[in-house]
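Listed below are the residues making up each chain.
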Amino acid sequence: MRVLVTGAGGFIGAVLTDLLAARGDQVTALVHGREGGSRPDHAATAGGSPPARRLAPGVEVVAADLLDPGSLLAARLDRGFDAVCHLAALTRVRQSGAEPLRYFETNVTGTVNLLTALDRGVAAGGPPPAVVFGSTGTVYGDPGGGPIPESHRPEPSHPYGASKLAAELAITHQAATGRIGAVVLRSFNVAGGAAGHIDRDVTRIIPAALRVAAGAAESFRINGDGEALREYVHVADVAAAYALAVDAARPGDFRVYNVGGAGVTVNEVLAAVERVTCCPVRRVTGPPVIEPRTLVVDSGKIRKELYWEPHRSTIDQIIADAWTWSHEAAAESPSAPT
């Protein structure tokens, strides 16, 4: 299949790009125009955060800006792809509260511009592509209680979740025209590591805790009592879900799936980091912040319909892989963060 991956320089996007290339797909990696340059073996995230990541041999890398429709046409996104995995986005919840317009511009306008470019390809006689959209479990808001099913009414409580839900709606209505088939994948904390790829965003819990274990940071800050329950899913399992969704989407079809793994508290994450790394994680405690006490999803639907299984999504396996590959990255580039 001819598959476009947006955000291919990011953590999930890079792992997914490698997976699709390994199974024989013809993959085009879309990276941000400011960072992609002309180097065919590197990519950078749309939105511009992590350093460049090396992708699998044979992957075509194209540089464009989702907020610049002209650059999307120059990158020939209307050439007629069989499938598109759309992961380029801004993703920090607290940052979105301070910069809501930036989040809506990137996550909503960028998605509409991508759909418009794809629609030009369909109008020119290309196939209706399967569009797999990377969304977030935070669209559910704070339902309170047990695992959240896809049937729960979305009520996002911050601009990040609201912008992702708005992008979902644009994709939903475009799918209703029959000019795309669409699958939305909602997940929370994607973590772990894979060959050549680690999560370098130290605003996230596991990378931040591993920095303390490695001696690269002095302490880990816990907000409140550390008993907030969150869900973690291995990046390799998430990439597998995207690959399954690419194969399942049909023109005019629209589906939503939760993609979840292990539900653990912050304290349990830190205990697992110490257990796996055999290194202490010094804690400092701050006041609690206003946030849901429990956020975990019910992933039964994707298991039943697409036969997806989170094979690597125990918290110990997630941390072990993140730890292993962070050391591999540090060995390859001594200046790379651990």
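Preceding this section is the structure that the text describes.
Residues numbered from 1 in each chain as written. Predicted model: local features only at pLDDT ≥ 70, side-chain atom pairs only at ≥ 80, totals over all residues. Heavy atoms only, no water.

Novice: Which parts of the structure should I look at to understand the pattern of salt bridges?
Specialist: A side chain of one charge can pair with a side chain of the opposite charge if their charged atoms are brought near each other. Inspection of the entire model under this criterion finds 19 salt bridges. Measuring nitrogen to oxygen at the nearest pair gives 3.4 Å for the salt bridge that ties arginine 102 to glutamate 99. A relative accessible area of 32% places arginine 102 in the partly exposed class. Measuring nitrogen to oxygen at the nearest pair gives 2.7 Å for the salt bridge that ties glutamate 168 to arginine 186. Of this pair, glutamate 168 sits in helix H6 (residues 159-176) while arginine 186 sits in strand S8 (residues 181-187), placing them 18 residues apart in sequence. By relative accessible area, which is 4% here, arginine 186 ends up buried. A single salt-bridge network, built from bridges that share partners, covers Arg92, Asp199, Asp201 and Arg204. (Salt bridge = Lys/Arg side-chain N within 4 Å of Asp/Glu carboxyl O. Buried < 20%, exposed > 50% of the residue type's maximum accessible area, 1.4 Å probe, protein only. Helix = DSSP H or I, 4+ residues; strand = E, 2+ residues; numbered from the N terminus.)

Novice: What am I meant to see in the environment of arginine 179 here?
Specialist: By the secondary structure assignment, arginine 179 is in the loop between H6 and S8. By relative accessible area, which is 34% here, arginine 179 ends up partly exposed. When the C-alpha atoms of arginine 179 and arginine 250 are compared, they prove to be 9.8 Å apart, with 71 residues separating the residues in sequence. Ignoring anything within four residues of it in the chain, the contact list for arginine 179 reads Asp119, Val122, Pro128, Pro129 and Gln174. Side chain to side chain, arginine 179 and aspartate 119 meet in a polar contact 2.7 Å long. (Contact = heavy atoms within 4.5 Å. Polar contact = N/O pair within 3.5 Å; in protein donor to acceptor, adjacent residues only side chain to side chain.)

Novice: Looking at this model, I keep getting lost on the nonpolar core. Mind explaining?
Specialist: Here is a general trend for soluble globular proteins: nonpolar side chains tend to be buried in one another's company. Counting residues in hydrophobic clusters, the biggest one holds 39 residues, and the most contacted among them are Val5, Leu16, Cys85, Leu185, Tyr242 and Ile302. Counting residues per element, the ones that place at least two in this core are strand S1 (2-6), helix H1 (11-22), strand S2 (26-32), strand S6 (83-86), strand S7 (130-136), S8, helix H8 (235-248) and helix H10 (300-306). At nine residues, H8 tops the list of elements feeding residues into this core. Beyond its immediate stretch of four places on either side in the chain, leucine 185 contacts Val132, Phe133, Gly134, Ser135, Thr136, Ala241, Tyr242, Ala245, Tyr257, Val259 and Ile302. (Core = buried A, V, L, I, M, F, W, Y, C linked by side-chain atoms within 4.5 Å.)

Novice: Explanation requested: H1 in the structure shown.
Specialist: Helical geometry note: an α-helix holds 3.6 residues per turn, so side chains three or four residues apart project in the same direction. Compared with an ideal rise of 1.5 Å per residue, which puts 12 residues at 16 Å, H1 spans 17 Å between its outermost C-alpha atoms and is within 8% of the ideal. Burial of H1 is extensive: nine of the 12 residues sit out of reach of the surface. All of the buried residues in H1 are Phe11, Ile12, Gly13, Ala14, Val15, Leu16, Thr17, Asp18 and Leu20. Just beyond H1, the residue with positive phi is glycine 24, at close to 105°. (Expected span 1.5 Å × (residues − 1).)

Novice: I'm lost on the pairing of S1 in this one. Help?
Specialist: Within a regular strand, the side chains alternate between the two sheet faces. Within S1, four of the five residues are buried, which leaves the element mostly enclosed by the surrounding structure. Across five bridges, S1 lies against S2 in parallel orientation. Within S2, the position partnered with threonine 6 by the bridge is leucine 30. Taken together, S1, H1 and S2 constitute a β-α-β crossover, and its handedness is right-handed. Pairing of S1 with S6 involves four bridges; the strand directions are parallel. From the neighbouring strand, threonine 6 faces S6, where its bridge partner is histidine 86. (Pairing = 2+ DSSP bridges. Right-handed = clockwise from strand over helix to strand, strands pointing away.)

Novice: Is there a simple way to think about helix H9 (residues 266-277) in this case?
Specialist: For H9, spanning 12 residues, the distance from its first C-alpha to its last is 17 Å, which sits close to the expected 16 Å at 1.5 Å a residue. Considered for burial, the residues of H9 that qualify are Val266, Val269, Leu270, Ala272, Val273 and Thr277. In a view along the axis of H9, the buried residues occupy a sector of 160°, so they form one face of it. One or two positions beyond H9, positive phi appears at cysteine 278, with a value near 60°. (Arc of directions from axis to C-beta.)

Novice: Any chance you could explain the sheet that holds strand S14 (residues 254-258) here in plain terms?
Specialist: Through backbone hydrogen bonds, the strands of a sheet pair up, either in parallel or in antiparallel fashion. The strand order across the open sheet built from seven strands is S5-S2-S1-S6-S7-S8-S14, with neighbouring strands paired in parallel fashion. In the strand order of this sheet, the two ends are held by strand S5 (60-64) and S14, each with one partner. The average angle at which neighbouring strand axes cross in this sheet is 20°, direction not considered. Summarising the sheet, S7 and S8 pair through seven bridges and their orientation is parallel. Directly across from threonine 136, in S8, lies its bridge partner serine 187. Those strands touched by H1 are S1, S2 and S6, and its axis lies near 170° from that of S1. In the packing of H8 onto the sheet, the strands contacted are S6, S7, S8 and S14, and the crossing angle to S7 comes to about 140°. (Axes fitted to C-alpha atoms, helices over the stretch in contact; angles between N-to-C directions.)

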